[in-house]
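# Overview (structure and organization)
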Amino acid sequence: MSMITKRQFLQILGAGAASLGLTGLIGTGNAFAAGEAPDWASLPEGAAPKTGGKLIYGQTYPNWDLGTSDNGKNPYYFIDLLTRSVWNPLVWIDDEFNMRGELAVSWAPTDDTLTKWDFQIRDGVMFHNGQDMTSADVVASMQAHIERKGSGFVNKWVASVEAMGPHTVRFNLTAPYAEFPFVLAEYRLVVFPAAAMDVIGTDGIGTGPYKLVEIDNKRGFKAVRNENYWMAGRPFADEVEGYIVTSQTAINGLRAGQFNAVFNIDPPPASQYEDAGALIHRAGGGDQFLLTMPKNIDMVWNDVRVRKALTLSIDRDAINSIVYQDPGSWVGNDTHMSGLNAEFLPREQGFNIDEARRLLAEAGYPDGITLPSIVYCPSFPEEPRIMAIVVESVKKAGIDLELREIACDGFSAYGTAVNAPIGRPRRSLIGPRSPAINMGRMEPEIGVGENGGWTGPKADEYKALYNAAVAEPDEAKRFAMYQQLQRVAQDDVPAIMLGGRRNMLAHMPNVKNLRAHSQNWSTRFDEFWIES
């Protein structure tokens with residue numbers, strides 16, 4: 001049997017997809033030689049990176065699932081979501097929300113059903129234990145992620161994964177999905193060395209730029225340079241350490257020289273970091289704060305007029321101005337979409353106390369209403385201030401709402417411990433993603449934990465339109481359908497988006513090319529260097 005080269009493989013994929021009219025769905029990492037850095041990993045013009053040194057960062061946003069396990073050698077329970085220090089997924093989403101090949105160099109659907117996707121994985125990649133990565137490792141890793149329910153996106157869409165050769169992997173889907181590769185960029189969906197199901201991914205071995213040497217996942221980790229990293233000559237620093245800190249500890253630590261970078265800083269004290277000599281890098285966006293309102297039990301917000309009144313009475317401009325000191329920086333629309341998405345469709349009506357009062361009166365509450373308590377944990381340091389503004393804002397419409405703060409350790413399990421699979425009324429953190437993933441998280445079946453068990457005619461309309469949208473190969477048609485979906489959701493308000501943040505990084509001037517990312521988990525550690 002004759003073998004084909006990687007370049008021939010790409011040509012075959014391209015020809016096949018072109019004949020099917022699917023060229024817009026072909027992806028490539030634009031790097032074919034072993035050790036060659038992809039074009040997206042190019043350094044700034046004129047850059048002269050130094051080697052050596054140590055990055056020691058403080059992290060104010062710990063992994064939301066820390067309370068579930070003490071094994072930080074598994075990326076599910078690493079200290080934070082910045083898992084690309086140690087591991088790599090198949091694809092990466094860049095700062096402009098373009099999909100890039102990471103451990104994959106190319107991908108394409110095999111036919112016009114969009115139910116089978118072939119990925120060509122990067123040659124010459126070595127795990128930290130010296131083992132070469134092959135398609136067998138990718139298959140075993142994805143099977144483990146499915147078994148452990150590491151990503152609802154994968155469990156929804158992937159029926160099976162199979163090796164088609166030493167460096168080719170096929171994903172067989174449960175239904176057509178035109179934007180499937182975006183699913184594989186999630187921070188948990190990394191590639192491990194193949195092993196038995198009960199131990200795979202539990203030893204800290206990955207393909208990333210740094211090798212894990214020590215971790216207490218409720219405190220911090222230490223890692224050293226991976227001399228066999230698949231980008232030749234990288235990473236540049238010798239060591240990386242990361243520690244979970246409070247906002248004030250982060251500032252004091254940077255002043256004292258204990259840290260030379262802090263991720264997810266609290267916006268108002270940013271000037272204190274600058275006074276300490278740090279530079280601030282602001283991403284274009286960041287996480288959003290969603291209120292999940294269970295509707296499968298008897299709650300006053302089962303009446304859509306109450307939900308509409310609640311969202312109309314939230315002064316989001318006040319959140320932007322007071323908490324973030326950045327008026328107009330975030331715009332949401334009660335879906336998972338944000339202004340970062342080209343498909344984003346603003347609400348037809350914004351903050352309006354008079355209309356909120358009218359809706360409450362029409363619903364039978366002319367003298368106001370008391371809503372069930374909603375719990376949250378301060379994953380980001382500014383959240384208590386956001387919640388205080390929301391509580392005072394909705395009072396103007398006659399709405400009494402308790403947003404109750406609880407500890408973050410174990411918050412995820414607490415939120416879903418009752419009323420499964422929907423859980424308690426709670427705040428969920430929503431990171432920015434592709435439109436198909438964003439809109440899927442509100443889909444009645446996929447997003448039941450966030451939409452609160454949304455049912456009824458509008459939910460049925462949404463579900464049918466969503467399934468049609470993700471199966472549509474034409475990008476322009478999908479764009480229009482995504483906007484239709486946003487209008488359907490806005491009309492029925494299954495959940496409420498309070499506001500959103502811009503992820504911010506403070507770093508000392510000698511830390512070069514380290515950047516905050518709108519997708520917090522997409523931060524990279526193979527591009528920065530330390531100058532002495």
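So, a few notes on the structure that sits alongside this text. What you see is a predicted model, and the numbers here were worked out from it, not measured in a lab. (Residues numbered from 1 in each chain as written. Predicted model: local features only at pLDDT ≥ 70, side-chain atom pairs only at ≥ 80, totals over all residues. Heavy atoms only, no water.)

## As for the overall build of the chain
Looking only at helices and strands, the chain has 14 helices and 23 strands in total. Considering only C-alpha atoms, the chain reaches an extent of 75 × 60 × 45 Å along its principal axes. Across the 532 residues of the chain, 58% fall into the buried class. Carbon together with sulfur atoms contributes 50% to the accessible area of the chain, which is approximately 19800 Å² in total. Side-chain charges of the chain comprise 49 positive and 64 negative groups, with the mean position of each set lying 1 Å from the other. (Helix = DSSP H or I, 4+ residues; strand = E, 2+ residues; numbered from the N terminus. Buried < 20%, exposed > 50% of the residue type's maximum accessible area, 1.4 Å probe, protein only. Areas by Shrake-Rupley, 256 points an atom, 1.4 Å probe, with all protein chains shown as cover. Lys, Arg positive; Asp, Glu negative; His and termini not counted. Charge placed at Lys NZ, Arg CZ, Asp CG, Glu CD.)

## Describing the state of the cysteines
The term disulfide refers to a covalent linkage connecting the sulfur atoms of a pair of cysteines. All told, the structure shown has one disulfide when counted by the stated rule. Linked covalently through their sulfurs, Cys377 and Cys408 form a disulfide whose S-S length is 2.4 Å. Judged by the sign of its S-S torsion, about 100 degrees, the cystine formed by Cys377 and Cys408 is right-handed. Within this pair, whereas Cys377 is found in the loop between β16 (374-376) and α9 (383-395), its partner Cys408 is found in the loop between β18 (403-405) and α10 (411-415), the two being separated by 31 residues in sequence. (Disulfide = S-S within 2.5 Å.)

## Describing the packing of aromatic side chains
Inspection of the entire model under this criterion finds 22 aromatic pairs. Pairing Tyr57 with Phe263 gives two aromatic rings, centres 5.0 Å apart and planes at 85 degrees, and the pair type is edge-to-face. Taken together, the residues Tyr57 in strand β2 (residues 54-59) and Phe263 in strand β12 (residues 261-263) connect sequence positions 206 residues apart. For Tyr57, a relative accessible area of 0% corresponds to the buried category. An aromatic cluster of three or more residues is present, and its members are Trp107, Trp117, Phe119, Trp157, Phe171, Tyr177 and Phe180. (Phe/Tyr/Trp six-rings, centres within 6.5 Å; stacked < 30°, edge-to-face > 60°.)

## Quick notes on the pairing of strand β11 (residues 239-244)
The sheet contact formed by β2 and β11 spans six bridges and is parallel. Of the residues in β11, the one forming a bridge with Leu55 is Val240. In the sheet, strand β10 (residues 220-225) pairs with β11 via five bridges, with the strands oriented antiparallel. Its bridge partner being in β11, Lys222 is matched across the sheet by Glu241. (Pairing = 2+ DSSP bridges.)

## Quick word on the sheet that holds strand β21 (residues 504-507)
The strand order across the open sheet formed by seven strands is β9-β10-β11-β2-β12-β21-β13, and the pairing between neighbours is mixed. Edge positions in the sheet fall to β9 (210-216) and β13 (279-282), since each has one partner strand and no second. Geometrically, the sheet is characterised by an average inter-axis angle of 20 degrees between neighbouring strands, direction not taken into account. (Axes fitted to C-alpha atoms, helices over the stretch in contact; angles between N-to-C directions.)

## Overview of the pairing of strand β20 (residues 495-500)
Each regular strand shows side chains that alternate between the opposite faces of the sheet. Burial analysis of β20 places six of its six residues in the buried class, which makes it a mostly covered element. Pairing between strand β14 (residues 288-292) and β20: five bridges, direction antiparallel. In the sheet register, Gln288 faces β20, and the bridge partner there is Gly500.

## Describing the pattern of salt bridges
This model, assessed by the stated rule, comprises 34 salt bridges. Arg100 is the salt-bridge partner of Asp94, the closest N and O atoms lying 3.0 Å from each other. Taking relative accessible area as the criterion, Arg100 reaches 24% and is therefore assigned partly exposed. As a salt-bridge pair, Glu102 and Arg524 come within 3.4 Å of each other at their nearest N and O atoms. Placement of Glu102 in the loop between β4 (99-101) and β5 (104-109) and of Arg524 in the loop between β22 (511-512) and β23 (529-530) is noted, with a sequence separation of 422 residues between them. With respect to burial, Glu102 and Arg524 carry one shared label: buried. (Salt bridge = Lys/Arg side-chain N within 4 Å of Asp/Glu carboxyl O.)

## A few points about the side chain of Glu382
Of note, Glu382 is situated in the loop between β16 and α9. There is a polar contact of 2.7 Å between the side chain of Glu382 and the side chain of Tyr324. (Polar contact = N/O pair within 3.5 Å; in protein donor to acceptor, adjacent residues only side chain to side chain.)

## Here's the deal with the nonpolar core
Core analysis: the biggest nonpolar cluster contains 65 residues, and Leu90, Phe119, Phe171, Tyr177, Phe180, Leu184 and Tyr462 have the highest contact counts within it. It is helix α13 (residues 457-470) that contributes the most residues to this core, six residues altogether. For Tyr462, the contacting residues outside a window of four places in its chain are Met439, Met442, Glu443, Pro444, Trp454, Leu485, Val488 and Ala489. Within the second largest apolar cluster, 42 residues are counted, among which are Ile314, Ile319, Ile374 and Ile496. (Core = buried A, V, L, I, M, F, W, Y, C linked by side-chain atoms within 4.5 Å. Contact = heavy atoms within 4.5 Å.)

## Comments concerning the packing of helix α7 (residues 316-323) against α9
For the pair α7 and α9, interaxial distance at closest approach is 10 Å and the crossing angle is 145 degrees. Considering the relative orientation of α7 and α9, their crossing is right-handed. Within the contact between the two elements, α7 uses Ala318, Ile319, Ile322 and Val323 and α9 uses Arg385, Ile386, Ile389 and Val390. Of the residues in the contact of α7 with α9, the class split is seven nonpolar, no polar and one charged. (Left-handed = near helix turned anticlockwise from the far one by under 90°. Nonpolar A, V, L, I, M, F, W, Y, C, P; charged D, E, K, R; others polar.)

## What to know about the environment of Asn333
Structurally, Asn333 can be placed in the loop between α7 and α8 (353-362). By relative accessible area, Asn333 is classed as buried at 0%. In this structure the C-alpha to C-alpha distance between Asn333 and Glu348, which are 15 residues apart in sequence, comes to 9.1 Å. Only 2.8 Å separates the side chain of Asn333 from the side chain of Gln486, close enough to count as a polar contact.

## As for unusual backbone geometry
In the segment running from Arg234 into Pro235, the intervening peptide bond is cis, with an omega of 0 degrees. Mapped onto the elements, Pro235 comes out in the loop between β10 and β11. Residues Ala420 and Pro421 are joined by a peptide bond in cis, for which omega reads 0 degrees. Mapping Pro421 onto the fold places it in the loop between α10 and β19 (426-430). A positive phi is found at Asp334, a non-glycine position, where the angle reads about 65 degrees. Note on placement: Asp334 falls in the loop between α7 and α8. Judged by relative accessible area, which is 3%, Asp334 ranks as buried. At Asn513, a residue that is not glycine, the phi angle is positive and equals roughly 65 degrees. In this fold, Asn513 is placed in the loop between β22 and β23. Using a relative accessible area of 17% as the deciding quantity, one classes Asn513 as buried.

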